[in-house]
Amino acid sequence: MLEIKNLHVRIEEDGTEIIKGLNLSVAAGEVAAIMGPNGSGKSTLSYVLSGKEDYEVTEGSITYNGQDLLELDVAERAAAGVFLAFQYPVEIPGVPTMTFLKEAMNAQRKERGEAELTTPDFIKRVRAAAGDLKIDFNMLKRPVNVGFSGGEKKRAEILQMSLLEPKLCILDETDSGLDIDALKIVSDGVNHLRDPNRAVIVITHYQRLLDHIVPDSVHVLSNGQIVKSGDKSLAIELEEKGYADIIAAAA
Amino acid sequence: MTAHTPRILTDAETSLLDAYVAAGNTNAARDAAIAQLKDNGLPTRRVEAFHYTDLRALLKAGYSVASRPTEELAKTVGAQFPRLVTGASVQHFRDGHFFDFGEALPKGATVVAELPEAKPLGGNEDATALINTAFAQDGLTLSIAEGAEIEQTIGLAYAHTGSANTIAAQRFAINAAANSTSTIVYRAVGLEDVQYLSSSVVDLDIADGATVTFTMSIEEGNLAQRLGRLNVSLGNGAKLNLFILNVGGKLVRQEVNFDVVGENVDLNISGVNLIGGESHIDVTSRITHHTPNTNSTETFRNVATGRGRGVFQGQINVRQAAQLTDARMACNTLLLSDDCDFSAKPELEIFADDVQCAHGATVTDLEDSYMFYLMARGISETNARRMLIKAFVAEIVEDLEDKGLAEGLEGRIDTWMEKHV
């Protein structure tokens, strides 16, 4: 589903190279975990996949379902099924959450040539998804993410993910700022979306999340490259030995 | 050197004088106004109140006073502009002329459909009102009876019916008697792609203990030039909630003057200026606190795009007697294109020593992180921009108590965005 080849990325503003020849492939149905120390390029990778403008791809390619992902703008990628669950979901004053959700769902439906949702159908879907994630429906009457706690924001991200039914989900440190109960709810939400036609990339520092969302593959990102790949046991090894040993051994 | 050099009149000035003679509608007050225009000319940037709107350069030449359109045309054009609120009782003007379409007024409200007297005026700083005094064709006086509590919205609707290069001028007096409550919507509309000059003066007198909710929706045609003024006087314990929407017009100069002459007055002014295409929209406000213990707040949200130019001048005068005045002014602007601009100028003149006056202005573009977040959910760039602009102005519109009116105004904002964003 996703094929990243020899990817080089730098920050547009100051030219700092963050991703330095990254190769990664993720198949449909696969849950791939990307782990790595601070500053290794994990968040940059998630931003480049979703199309954020502040980054410049200088070399390499990203192919998504046979399509050149880099050709598409942010909204087109989302409509094509790429979903980024933000590490820091953005608060947008003045935009009601329900308006935002409806606009997003209908924009993607329109892109796929499907009819717009009727209001009752839309509300029914949101109620059901919110219930699964233990999100108070009244919270959704507020502006997007405004006044949400850290945990509520992360749950709201998963709510959006389940409503938008993406094909490629990228979870950027979704576990950060979550207590144990919230971690369980969020993980259940993600597991619920596991599907043979859907790929999930889980970016995390900690093995703990991977106890709940069990990955098919684990990749260690260091200094802008994948330095080691393995199965879920690699995550456990990392937890025991730390990054330093693994990175040193791979170098 | 005091030698007097006769000033050379511009084309616009000459054609105003010619139009006045051609109309033949004269009296002493009109003659005096036209003489002032002739002597002082139209104001340039050197007149402080017109610092960002050089009227002498901007006002077009070749206008003549509009004749009365047929009733059929008056109705047809009116029908092109669906009402902002349902259930209102509306008084109609077309091209400066009054039309009685027989809408029953609510109990406690009366209308005299005669041109009210013009207020005495000063130099060319008053050009907007001088032109109105000289050219006003029709007008009316709306009176709200003492103690009346009127729920039904009263509308004053003006439409230009499309006769090119005509002046349409009207003047309204509104007297809200003591302890009355009323809701009034003033609306000015005009057809697109027709050049005309719209002149409007409203004198609003709010007596002791009266509350007025006043909304101005100014939706002139894209080639229109408009010179408008609102004068408000507030007595003891009077309350005014004023909202102004500006959307459209090639040149819009809307002056809003407030004299707080009673104590314990509560004056709330808010507005949204949408400035797109080739629009030049200038809201110039002057609040004078004459008396102690009064509050005023003024908040404008502006969106400029295309080659639009916006102006907000906010003057607050606190006279020596006006102790314990609390006056607050804010002007927030979104600048969305490289070729648009906005000028904001606060002017505070404070002669009392125990007062609070605050003013602030901000200018920004749409927040990149908001745009990215919305687009990352599949919302197109255009729709994401519209959502954020709407959010920026909706904060002001949503504060309106009349939800139906707020919805109507939001509809106008949506239409503007469809064209300009």
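Computed from a predicted model, the values in this text were never measured in an experiment. (Residues numbered from 1 in each chain as written. Chains lettered and ligands numbered in written order. Predicted model: local features only at pLDDT ≥ 70, side-chain atom pairs only at ≥ 80, totals over all residues. Heavy atoms only, no water.)

Since there are 3.6 residues in each turn of an α-helix, residues three or four apart along the chain are aligned in direction. Residue and element names in this part refer to chain B. Taking 1.5 Å as the rise per residue, helix α7 (residues 381–397) with 17 residues should run 24 Å; its terminal C-alpha atoms sit 24 Å apart, in good agreement. Bending of α7 peaks at approximately 30° at the position of Ala-391. Residues Ala-384, Met-387, Leu-388, Ile-389, Ala-391, Phe-392, Val-393, Ala-394, Ile-396 and Val-397 constitute the buried set of α7. (Helix = DSSP H or I, 4+ residues; strand = E, 2+ residues; numbered from the N terminus. Expected span 1.5 Å × (residues − 1). Bend = angle between axes of the 7 residues up to and from the residue. Buried < 20%, exposed > 50% of the residue type's maximum accessible area, 1.4 Å probe, protein only.)

So, about helix α8 (residues 232–241) of chain A. All names here are of chain A. Three or more residues of α8 are buried, namely Leu-234, Ala-235 and Leu-238. The buried residues of α8 occupy an angular sector of 105° when the element is viewed end-on, so they sit on one face. Buried positions along α8 lie against β3 (31–35), α7 (208–212), β9 (217–222), β10 (225–230) and α9 (243–250). Downstream of α8 by one or two residues, Gly-242 has phi in the positive range, about 85°. (Arc of directions from axis to C-beta. Contact = heavy atoms within 4.5 Å.)

A few words on the domain arrangement of chain B. Residues and elements named next belong to chain B. One can read the domain layout of chain B as domain 1 (66–365) and domain 2 (366–421). For domain 1 versus domain 2, the distance between C-alpha centres works out to 24 Å. On the side of domain 2, 20 residues touch domain 1, which itself brings 30 residues to the contact. Applying the counting criterion to the domain 1 and domain 2 interface returns 3 salt bridges. Of the charged contacts in the structure, one is a salt bridge between Glu-395 and Arg-301, with a shortest N-O distance of 3.0 Å. Viewed at the interface, domain 2 and domain 1 are joined by 6 residue pairs in polar contact (both at pLDDT 80 or more). (Domains from an automatic or database assignment. Salt bridge = Lys/Arg side-chain N within 4 Å of Asp/Glu carboxyl O. Polar contact = N/O pair within 3.5 Å; in protein donor to acceptor, adjacent residues only side chain to side chain.)

Turning next to the interface of chain B and chain A. Between chain B and chain A, the residue contacts involve 15 residues of the former and 32 residues of the latter. Taken together, both faces of the contact between chain B and chain A bury some 1,800 Å²; the carbon and sulfur share is 75%. When the area that chain B buries against chain A is broken down by residue, the three leading residues are Phe-372, Tyr-373 and Arg-377 of chain B, summing to 44%. For the pair chain B and chain A, the number of links is 1 salt bridge. Salt-bridge contacts for Arg-377 of chain B lead to Glu-157 of chain A; the nearest nitrogen and oxygen are separated by 2.7 Å. Going through the elements one at a time, α6 (368–375) and α7 of chain B are the ones with two or more residues in the side of chain B that touches chain A. The dominant element in the side of chain B that touches chain A, judged by the number of residues it contributes, is α6 of chain B, at 6 residues. Its residues assigned to classes, the side of chain B that touches chain A comprises 10 nonpolar, 4 polar and 1 charged. (Buried area = accessible area lost by both parts, 1.4 Å probe. Nonpolar A, V, L, I, M, F, W, Y, C, P; charged D, E, K, R; others polar.)

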